[in-house]
Amino acid sequence: MDPKQLVKLSNTVGIIAIVLLIYWVFTFIVIEVFGLKVFQENLTETFYMSVLGILALMAGALMINLMLNLTRIAQKHNQDGASKGINRKLRWWFIISLPLLLILLFTGDYLTSKKKEEFLLQSAQSILDRYTEKSDHLANYSFDKQWILKTSEILEVLSKTDSNFPHISVLAKDSLDGMPVYLGFDPYPSIRMNDTIPPLKKDFIRKTTKEERTYLKEVFHNGKKAYRYSSHDGRYELFYPIDKNGKTTIIYFSQYQRYGKIGS
């Protein structure tokens, strides 16, 4: 292989390696900064292992150094240069490809979120369709020890039926000292049947954001029937109202996922 061919080969390999490195680092930064969940676990772990920042930059610098030295040798023995027109086209293709990659990453995160929304909705609907008696109890809210313990037992059983079942709790509207509050009941209550101290509402108050309080007010005060779904940085939440016999509660699902859904 003559020096001219060697320079062309090393330049091609070097340029491809550097472009791939830029794509890799760009993808990694976008995923980390925006908390995108795009790839499944195997691909995500493989991607993270491949992004060895300092070593990758050192390898890129070494390749650039090698390319420059080989180019000087080639220029000395053979004055053939690369076409400026081709370089200009490649440069524009590279510039255009970065926004396209950004769009693909956000699209992957959106698809992951939609799949999780479908899964949470199916979980909520299965409770209403398959466990009618249990859903009747959950809707028939009453702040007393028997209802709280029975609710916790139901939620615990539902949580144990499927290893992929999301965290579940029940939200209800009540009042404390004349002030409206929203109470949350989980699978594992802080009270027991043999406790002599009655449950206190303040121990079950659920902290909510402004957006959540707006939604809860629409459900409990205005009779809104639509569910509320939100996703952020791998955390997925679903508020699903159930209304039976004039009483309303909300089944709340939450699940955290480190990885996306795209890939093998």
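On a predicted model such as this, the values are computed, not experimentally measured, just so you know.

Describing the side chain of T151
Next up, step 1: Note that T151 resides in helix α6 (residues 145-160).
Next up, step 2: Among the polar contacts made by the side chain of T151, one reaches the main-chain carbonyl oxygen of W147 at a distance of 2.8 Å.

A short note on the pairing of strand β1 (residues 167-176)
Next up, step 1: With five bridges joining them, β1 and strand β5 (residues 247-256) adopt antiparallel strand pairing. Along β5, the bridge assignment pairs I168 with F253.
Next up, step 2: The turn joining β1 and strand β2 (residues 179-185), which pair antiparallel and follow one another in sequence, is formed by two residues; a positive phi near 55° is taken by D177.

Remarks on the nonpolar core
Next up, step 1: In this structure, I168, F185 and F253 are the most contacted members of the largest nonpolar core, which totals 28 residues.
Next up, step 2: The set of elements that each furnish at least two residues to this core consists of α4 (84-130), α5 (132-139), α6, β1, β2, β4 (235-244) and β5.
Next up, step 3: Counting residues per element, this core draws most heavily on α6, at five residues.
Next up, step 4: If near-sequence neighbours (up to four positions away) are discounted, I168 is found in contact with I127, L155, L158, S159, P187, I251, Y252 and F253.
Next up, step 5: Y182, Y215, V219 and F239 belong to the second largest nonpolar core, which has nine residues in total.

Description of the side chain of S135
Next up, step 1: Mapping S135 onto the fold places it in helix α5.
Next up, step 2: A polar contact is formed between the side chain of S135 and the side chain of K244, at a distance of 2.6 Å.
Next up, step 3: Apart from residues no more than four positions distant in its own chain, S135 is found in contact with I127, L128, I242 and K244.

Section: the pairing of β5
Next up, step 1: When you tally the buried positions in β5, you get seven out of 10 residues, the bulk of the element.
Next up, step 2: As judged from the 10 bridges shared by β4 and β5, these two strands associate in the antiparallel manner. By the bridge assignment for β5, P241 is matched with I250.
Next up, step 3: Where β4 folds back onto β5 in an antiparallel hairpin, the turn is made up of two residues, including N245, whose phi is positive at roughly 55°.

Let's talk about the pattern of salt bridges
Next up, step 1: Scanning the model with the defined rule gives eight salt bridges in all.
Next up, step 2: Ionic pairing is found between D203 and K202, a salt bridge with its closest N-O pair at 3.4 Å.
Next up, step 3: For D203, a relative accessible area of 48% translates into the label partly exposed.
Next up, step 4: Look at K202 and you get exposed, because its relative accessible area is 54%.
Next up, step 5: Two residues, E237 and R235, come together in a salt bridge whose shortest N-O distance is 3.7 Å.

A word on the confidence of the model for the chain
Next up, step 1: Per-residue confidence for the chain averages 79 on the pLDDT scale, and 71% of its residues sit at or above 70.
Next up, step 2: Counting interchain partners and residues more than four positions distant, the pLDDT-below-50 stretch residues 78-83 has four contacts.

Side note on the environment of S230
Next up, step 1: Turning to its location among the elements, S230 is positioned in strand β3 (residues 228-232).
Next up, step 2: For S230 and S113, which are 117 residues apart along the polypeptide, the C-alpha to C-alpha distance reads 8.7 Å.
Next up, step 3: Leave out the neighbours within four places in its chain, and S230 touches R235, Y236 and E237.

Focus on the sheet that holds β4
Next up, step 1: Spatially, β2-β1-β5-β4-β3 is the arrangement adopted by the five strands of the open sheet, whose pairing is antiparallel. One side of each edge strand has no neighbouring strand; the edge strands of this open sheet are β2 and β3. When strand polarity is set aside, the average angle formed by the axes of neighbouring strands in this sheet is 25°.
Next up, step 2: Contacts between helix α7 (residues 210-222) and the sheet are confined to β1, β2, β3, β4 and β5, with β5 contributing the most and set at about 150° to the helix.

As for unusual backbone geometry
Next up, step 1: Located in the positive-phi region is D177, a residue other than glycine, with phi close to 55°.
Next up, step 2: By the element assignment, D177 lies in the loop between β1 and β2.
Next up, step 3: A relative accessible area of 79% places D177 in the exposed class.

Rules of the game
Residues numbered from 1 in each chain as written. Predicted model: local features only at pLDDT ≥ 70, side-chain atom pairs only at ≥ 80, totals over all residues. Heavy atoms only, no water. Helix = DSSP H or I, 4+ residues; strand = E, 2+ residues; numbered from the N terminus. Polar contact = N/O pair within 3.5 Å; in protein donor to acceptor, adjacent residues only side chain to side chain. Pairing = 2+ DSSP bridges. Core = buried A, V, L, I, M, F, W, Y, C linked by side-chain atoms within 4.5 Å. Buried < 20%, exposed > 50% of the residue type's maximum accessible area, 1.4 Å probe, protein only. Contact = heavy atoms within 4.5 Å. Salt bridge = Lys/Arg side-chain N within 4 Å of Asp/Glu carboxyl O. pLDDT = per-residue confidence, 0-100. Axes fitted to C-alpha atoms, helices over the stretch in contact; angles between N-to-C directions.

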